[in-house]
Amino acid sequence: MLPFWSKYRNLDIKPCARKIPFLSIAGEYDVLAPPAQCHHPEATNIVVPSDHAGLLFRPEVFERTHTFLTDGVSVERKVHEHP
């Protein structure tokens with residue numbers, strides 16, 4: 001869904017029932033989905049120096065995603081280890 005799609009704008013967006021961390025990645029030079037329209041108030045938002053197609057290929061995108069996912073795993077382990 002593109003941010004300017006009319007049905008997207010009209011959705012009744014509600015917060016998740018429980019806090020689930022997620023990542024929103026925007027391309028600094030993306031004209032299809034500009035960074036200003038890709039920020040979610042409950043997400044970890046990052047902007048990388050890329051256009052729309054570059055988000056599929058830039059090593060930085062994979063590195064930042066990997067860091068986000070592995071940091072989340074370590075946090076989850078701590079939560080489960082120490083009730």
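Report follows, based on the coordinates.

Rules used throughout
Once a new chain begins, its residue numbering starts again from 1 and follows that chain's sequence as written. Side-chain atom pairs in this predicted model are given and counted only at pLDDT of 80 or more, local residue features only at pLDDT of at least 70, and totals for whole chains, interfaces and linings cover all residues. Processing note: side-chain calculations cover all non-hydrogen atoms of the structure and skip hydrogens and water entirely. Segments assigned H or I by DSSP are reported as helices when at least four residues long, segments assigned E as strands when at least two residues long, and all are numbered from the N terminus. Only heavy atoms matter for contacts: two residues are in contact if any of them lie within 4.5 Å across the pair. All accessible areas in this document rest on Shrake-Rupley with a 1.4 Å probe, and a residue is counted as covered only by the protein chains that are shown. With a 1.4 Å probe rolled over the protein chains alone, any residue whose accessible area is under 20% of its type maximum counts as buried; one over 50% counts as exposed, and the rest are partly exposed.

## Overview of the overall build of the protein chain
Summing up its helical and strand segments, the protein chain has 2 helices and 2 strands in all. Across the protein chain, helices and strands are ordered from the amino to the carboxyl terminus as α-β-β-α. Contacts in the protein chain between residues far apart in sequence, at least 24 positions, make up 27% of those at least 6 positions apart. Accessible area for the protein chain stands at about 6,700 Å²; split by element, carbon and sulfur atoms hold 62% of it.

## Considerations on the environment of alanine 36
Summarising the element assignment, alanine 36 is placed in the loop between strand S1 (23-27) and strand S2 (44-48). For alanine 36, a relative accessible area of 71% corresponds to the exposed category. Linking alanine 36 and valine 47, residues 11 residues apart in sequence, is a C-alpha distance of 9.7 Å.

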